Amino acid sequence: MRQRVGFLMMVLLLIFTVVSGCASKGATSTTTGKSGEPIKLALSPWPGWFVWYLVKEKGFFEKNGVNVDLVWFPVYSDSLSALASGKVDANSQTLSDTLAPASKGIKLKAVLVNDNSNGGDGVVVKPSINSLKDLKGKKVATELGTVDHLLMLTALEKAGLAEKDVAYTNMTVNDAGPAFISGNLDAAVLWEPFLSKAIQEGKGKLLFSSKDTPGLIPDLLVFKEEITKNRPEDVKKIINAWFDALDYWKANPEESLKIMAKAAETPVDEYKAGVDSVKIFQLEDNVKAFKKGDNLESLNFTSQKTAEFLKGLDMLTSIPKAESFLDGHFVEEVLKERKK
């Protein structure tokens, strides 16, 4: 997640550059920037992002006066491509996956932290594997260039290993989970709900997870910059709708979990286990995350460290300035307005 670890990333960056050039020449966009037209917001299978279906089900978009179409992508990497190509206006994605387009000058703005993985991503292994060092020579799968690829490399580095020391197999999480369960892999790097299913159905065990790297994997709401410029009030309304849903969840936990589990097509107890593996960020958490800091609680700090790591693997050609794609003023304004 071969010749060089960054090959596919460089191809994707070339696509991003071409897309950006087309957009500047007047290519068709998903919206014209006019208020009232639906904003297309993409999401993928991740426990924290199913909150968007709670927002929709309980009518919080309508309550806040914003027109939003949720666009479902079963394969996470497809949602990244959709945002880069302009097929959607916003996407639910990780910080690390926002760095590649930002490094090429693609105009994106991260405006909200949905959650922070706290065990929701992990390395699941066969019972015979007892340590990270035991992964040497073993068949390990995850998707090239994704945040779980980064987690795998971080785990290997901790054990004094490199990607060349394992039989790396590039697979989407949708394929890697079933492949592990069927016994075709020694290890897989997965996220929820695929992670729990692999442990339960594949008789696997968790060897390393995002709990071991707190703050490494923030999950964000990322917009095309033109939307944040042309429709800033709608961006704030979407953020408000998100926090309305979190308030509703707190007041009505059982009903909320049922709604989100239904959207995830997962039993409530399984969904709850998955969502318990992430830290959902409240409004105050968001404001704090967007401030500069010297640890992984700060998005600015985390983006710099992650970008340095990826650049060292030739997966980034340059390190983007955090202020070019992080925009915390929306959550600051929402906090001020909600305190009135």
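Residues numbered from 1 in each chain as written. Predicted model: local features only at pLDDT ≥ 70, side-chain atom pairs only at ≥ 80, totals over all residues. Heavy atoms only, no water.

(A) Structural view of the side chain of aspartate 186. With respect to the helices and strands, the residue aspartate 186 is situated in the loop between helix 7 (173-181) and strand 8 (187-191). Among the polar contacts made by the side chain of aspartate 186, one reaches the main-chain amide nitrogen of lysine 139 at a distance of 2.8 Å. The residues touching aspartate 186, leaving out its near neighbours within four places in the chain, are Val124, Val125, Lys126, Ile129, Lys138, Lys139 and Phe180. (Helix = DSSP H or I, 4+ residues; strand = E, 2+ residues; numbered from the N terminus. Polar contact = N/O pair within 3.5 Å; in protein donor to acceptor, adjacent residues only side chain to side chain. Contact = heavy atoms within 4.5 Å.)

(B) Main features of the sheet that holds strand 4 (residues 108-117). Sheet architecture is open: six strands sit in the order 2-1-3-10-4-11, paired in mixed fashion. Each edge of the open sheet is held by one strand with a lone partner, namely strand 2 (68-72) and strand 11 (278-280). Between one strand axis and the next, the sheet turns by 30 degrees as a mean value, whatever way the strands run. Along the sheet, helix 10 (residues 232-251) makes contact with strand 1 (39-43), strand 2, strand 4, strand 10 (218-224) and strand 11, crossing strand 4 at roughly 10 degrees. (Pairing = 2+ DSSP bridges. Axes fitted to C-alpha atoms, helices over the stretch in contact; angles between N-to-C directions.)

(C) Focus on the packing of aromatic side chains. By the definition in use, this model includes 11 aromatic pairs. Between tyrosine 76 and tryptophan 191 the ring centres are 5.7 Å apart and the planes differ by 80 degrees, which places this aromatic pair in the edge-to-face class. Taken together, the positions of tyrosine 76 in helix 4 (residues 76-85) and tryptophan 191 in strand 8 put the pair 115 residues apart, joining distant regions of the chain. Exposure class is identical for tyrosine 76 and tryptophan 191. Each is buried. In this structure an aromatic cluster arises from ring pairing among Trp46, Trp49, Tyr76, Trp191 and Phe194. One Lys or Arg, lysine 279, reaches over the ring of phenylalanine 281 and ends 5.0 Å from the middle of that ring. (Phe/Tyr/Trp six-rings, centres within 6.5 Å; stacked < 30°, edge-to-face > 60°. Buried < 20%, exposed > 50% of the residue type's maximum accessible area, 1.4 Å probe, protein only. Lys NZ or Arg CZ within 6 Å of the ring centre and 35° of its normal.)

(D) Inspection of the packing of helix 6 (residues 147-158) against helix 14 (residues 299-312) at higher detail. In contact at an axis separation of 12 Å, helix 6 and helix 14 are set at 80 degrees when each is read in the N-to-C sense. Classified by the angle between their axes, helix 6 and helix 14 sit roughly perpendicular to one another. In contact with Leu150, Leu153, Thr154 and Glu157 of helix 6, helix 14 contributes Thr306, Phe309 and Leu310. For the contact of helix 6 with helix 14, the per-class residue count stands at four nonpolar, two polar and one charged. (Parallel < 35°, antiparallel > 145°, perpendicular 65-115°, else oblique. Nonpolar A, V, L, I, M, F, W, Y, C, P; charged D, E, K, R; others polar.)

(E) Expanded view of the pattern of salt bridges. Under the counting rule described, the total for this entry stands at 16 salt bridges. Here glutamate 225 makes a salt bridge to lysine 109, at a shortest N to O gap of 3.7 Å. Taken together, the residues span a long stretch of sequence, with glutamate 225 in helix 9 (residues 225-230) and lysine 109 in strand 4 at a distance of 116 residues. One salt bridge in this structure joins arginine 338 and aspartate 247, with 3.0 Å as the shortest N-O distance. Within this pair, whereas arginine 338 is found in helix 15 (residues 329-339), its partner aspartate 247 is found in helix 10, the two being separated by 91 residues in sequence. Three or more residues are tied together by salt bridges with common partners; here these are Lys63, Asp244, Asp247 and Arg338. (Salt bridge = Lys/Arg side-chain N within 4 Å of Asp/Glu carboxyl O.)

(F) Layout of the nonpolar core. With 89 residues, the main nonpolar core has Trp52 and Ile238 as its most contacted residues. Per-element accounting of this core gives the leading share, 10 residues, to helix 10. For isoleucine 238, the contacting residues outside a window of four places in its chain are Ile39, Leu41, Trp52, Phe61, Val66, Val68, Leu221 and Phe223. Counting residues in each nonpolar core, the second largest holds 22 residues, with Val125, Leu144, Leu161 and Ile217 among its members. (Core = buried A, V, L, I, M, F, W, Y, C linked by side-chain atoms within 4.5 Å.)

(G) The pairing of strand 10, seen in detail. By the criterion of burial, strand 10 is predominantly enclosed, with seven of the seven residues buried. With five bridges joining them, strand 3 (residues 90-94) and strand 10 adopt antiparallel strand pairing. Following the sheet pairing, serine 92 is matched in strand 10 by leucine 221. Sheet topology note: the strand 4/strand 10 ladder contains seven bridges and is antiparallel. The partner of alanine 110 across the bridge, within strand 10, is valine 222.

(H) View of helix 6. Spanning 12 residues, helix 6 covers 17 Å between terminal C-alpha atoms, matching the ideal 16 Å at 1.5 Å per step. For helix 6, every residue scored as buried is listed here: Val147, Asp148, His149, Leu150, Leu151, Met152, Leu153, Thr154, Ala155 and Leu156. Among the residues trailing helix 6, glycine 160 stands out with phi positive, at a value near 80 degrees. (Expected span 1.5 Å × (residues − 1).)

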